[in-house]
Amino acid sequence: MEKSYKTALIMVSVVCITTIIALLSVSFYYLNAYGEYGRQLENIYKKNLYELVNNVNSVEVDISKIVATTSFTTQQKLLNSIYKSCGEIESNLNNLPISETRTKNVNKLYNTLSGYTYSLIRANEVLSEENLDNLEDMHSKCLIVMYDLNNYLNEVSYNYSILSDIDFSNGDNSVFNGGFSESNVNDSSIPTLIYDGPFS
């Protein structure tokens, strides 16, 4: 009887130890997978943030160049580059964990600029003084966004984690804002351009 009791106790102990080891292995696997998912998501967010800054900087440089040239070919190349960069800016903004209320005006600015450059590309002619004035006006707004974004990147440290500063329950209260919380570009300062639009 005592032998069967010891055997049963050993069997129960082996089953318990095996169960504990299995549970620890499964827990470790899920924690590791969660950590890997978090790293991948963090990398996607950082990639979009850096691409956003690069595209905003490119738009500013291209507009600066376009108002300084009278060459039709150069103007068309720069207009195409601005149009492409504006589309990428919209994509980058949409792939960042920033509330739409914070990016609404910036999205509107680059959407307006995109539509305007598209209409100028379709017109297929040398830019008029009015066109150049409109682009210079848009340029002043793009400078504000560029300044805000570049300042934001300078303020964040090298080991900064976007995920740690996100309030998933309420995006408007998140610490991560991509530099848009204090942007001086407001809805009323975005010029209203009169043009036929991209569907003419």
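The structure displayed is predicted, hence computed values, not measured ones.

With respect to the overall build of the chain
Of the regular secondary structure elements, the chain holds four helices and zero strands. Start at the N end of the chain and walk to the C end: the helices and strands fall as α-α-α-α. A burial count over the chain gives 38% of its 200 residues as buried. Taking contacts inside the chain between residues at least 6 apart in sequence as the whole, the part at least 24 apart equals 81%.

Re the packing of aromatic side chains
Summed over the entire model, instances satisfying the criterion amount to one aromatic pair. Plain terms: the ring middles of Y83 and Y118 are 5.3 Å apart, the flat faces sit at 35 degrees to each other, and that makes the pair tilted. With Y83 in helix α2 (residues 72-94) and Y118 in helix α3 (residues 100-123), this pair connects stretches of sequence that are 35 residues apart. Owing to a relative accessible area of 24%, Y118 belongs among the partly exposed residues under this scheme.

Notes on the side chain of H139
Secondary-structure assignment places H139 in helix α4 (residues 129-155). There is a polar contact of 2.8 Å between the side chain of H139 and the side chain of E60. Apart from the residues within four sequence positions on either side, H139 is in contact with E60, I63 and S64.

What about the pattern of salt bridges?
One pass over the structure, following the stated rule, counts four salt bridges. Note that E42 is salt-bridged to K46, the shortest N-O span being 3.8 Å. Of this pair, E42 and K46 are both found in helix α1 (residues 2-66), four residues apart, which corresponds to roughly one turn of the helix. The partly exposed category is assigned to K46, whose relative accessible area is 22%.

A closer look at α3
For α3, built from 24 residues, the straight-helix expectation of 34 Å at 1.5 Å per residue is met to within 8% by its first-to-last C-alpha distance of 33 Å. A maximum bend of about 30 degrees is found in α3 at V106. Looking one or two residues past α3, N124 carries a phi angle of roughly 55 degrees, positive in sign.

Examining the environment of I121
Among the secondary structure elements, I121 is positioned in helix α3. The exposure class assigned to I121 is buried, which follows from its relative accessible area of 16%. The spatial distance from the C-alpha of I121 to the C-alpha of Q76 is 6.4 Å, given a sequence separation of 45 residues. Sequence-distant contacts of I121, that is, excluding residues within four places in its chain, are made with Q76, L79, N80 and Y83.

Cut-offs and rules
Residues numbered from 1 in each chain as written. Predicted model: local features only at pLDDT ≥ 70, side-chain atom pairs only at ≥ 80, totals over all residues. Heavy atoms only, no water. Helix = DSSP H or I, 4+ residues; strand = E, 2+ residues; numbered from the N terminus. Buried < 20%, exposed > 50% of the residue type's maximum accessible area, 1.4 Å probe, protein only. Contact = heavy atoms within 4.5 Å. Phe/Tyr/Trp six-rings, centres within 6.5 Å; stacked < 30°, edge-to-face > 60°. Polar contact = N/O pair within 3.5 Å; in protein donor to acceptor, adjacent residues only side chain to side chain. Salt bridge = Lys/Arg side-chain N within 4 Å of Asp/Glu carboxyl O. Expected span 1.5 Å × (residues − 1). Bend = angle between axes of the 7 residues up to and from the residue.

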